[in-house]
Amino acid sequence: MTGAPEDESQSIQILAGGNPNLEAEDSENFSAGFVMTPPVVPGALTFSADFFHIEIDGSVASLDPQFILDNENDFPGFVVRAPPSATDQALGIPGNVLLVNTSFQNLGLVRVEGFDAALEYVTPRTPIGTFTLRLDGAYMDSFEQQASDAEPVRELIGSFVRPRFRGRAQAGWRMGGFEAITTFNYTDSYEDVTLAPKVGGKVLRVFPKTGRIKIQGVNLVKRHLRATPTTEGEARAETCGSGA
């Protein structure tokens, strides 16, 4: 738990939950966007885009216990340890961890900036039905976070499960009481720097770009001949590798 090679695995207590000493967050938000619906295109075409900037001071969050242990000096009183044994003192390591406080706290700064965009097109009705195509994307330009006043401001884009880009493509078909929709989700790669073993002196785990396909089916509902999604199947394949 201390990161020392002499460490042994052990069970510890985690204190989680509310905190009566919390203070209100101070937030400043700015967003701007537009929506376009060109009338010259047959059917219905809609394009929208938004820019957002969010800044929060004194953000309320619960920290991961491993992060607290890795930065114990920056969170005094959050880690309760047993007195070091003679062996601990000889090895120069602290006593065993008894408890880690992960209750909600007022942390430091959170600053997020990025773009959202969406494109949707619905065709005119045809003899074989109506078709729909929708594309959604979110690009995160920056995600800065400060865990406490003693911690530096860290850029987390591309790490800690905060990919730079997420996207979704959806295609649909409808005819009478029948409807079919297929969805493809895309998540950009990111690095997990806390869970993997060291590679070339650096703790690193790379999650490659992945996609997920979701197919929704429909059934007829008795006399009304309406189709509603009742079953859903998913197919997902992910691989995980390591890199220096």
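Residues numbered from 1 in each chain as written. Predicted model: local features only at pLDDT ≥ 70, side-chain atom pairs only at ≥ 80, totals over all residues. Heavy atoms only, no water.

**Q** How do you make sense of the pairing of strand β11 (residues 165-175) when you look at a structure like this?
**A** Consecutive side chains of a regular strand alternate in pointing toward one face of the sheet and then the other. By the bridge criterion, 10 bridges tie strand β9 (residues 130-145) to β11 in an arrangement that is antiparallel. What sits directly across from Asp136, in β11, is Arg168. Taking the residues between adjacent antiparallel strands as the criterion, β11 and strand β12 (residues 178-187) are bridged by two residues, where Gly176 takes a positive phi near 60°. (Pairing = 2+ DSSP bridges. Helix = DSSP H or I, 4+ residues; strand = E, 2+ residues; numbered from the N terminus.)

**Q** Is there a simple way to explain the nonpolar core in this structure?
**A** Nonpolar side chains tend toward joint burial in soluble globular proteins. Ranked by size, the top nonpolar core spans 10 residues in total: Leu63, Ile68, Leu69, Phe75, Phe78, Val79, Val97, Val100, Leu107 and Ala147. Looking at this core, the elements with two or more residues in it are α1 (65-70) and β6 (97-101). Counting seven residues, the second largest nonpolar core, distinct from the first, contains Ile56, Val110, Leu156 and Ile157. (Core = buried A, V, L, I, M, F, W, Y, C linked by side-chain atoms within 4.5 Å. Buried < 20%, exposed > 50% of the residue type's maximum accessible area, 1.4 Å probe, protein only.)

**Q** When you look at the sheet that holds strand β5 (residues 79-81) in this model, what are you seeing that I'm missing?
**A** Picture the strands of a sheet paired through backbone hydrogen bonds; they go either parallel or antiparallel. The strand order β1-β6-β5 describes an open sheet built from three strands, whose pairing is mixed. Because the sheet does not close on itself, it has two edges, and the strands there are β1 (13-15) and β5. Neighbour-to-neighbour, the strand axes of this sheet turn through a mean angle of 15°, independent of strand direction. Pairing geometry for β5 and β6, over three bridges, is antiparallel. (Axes fitted to C-alpha atoms, helices over the stretch in contact; angles between N-to-C directions.)

Function cannot be read off these values alone, since they describe shape.
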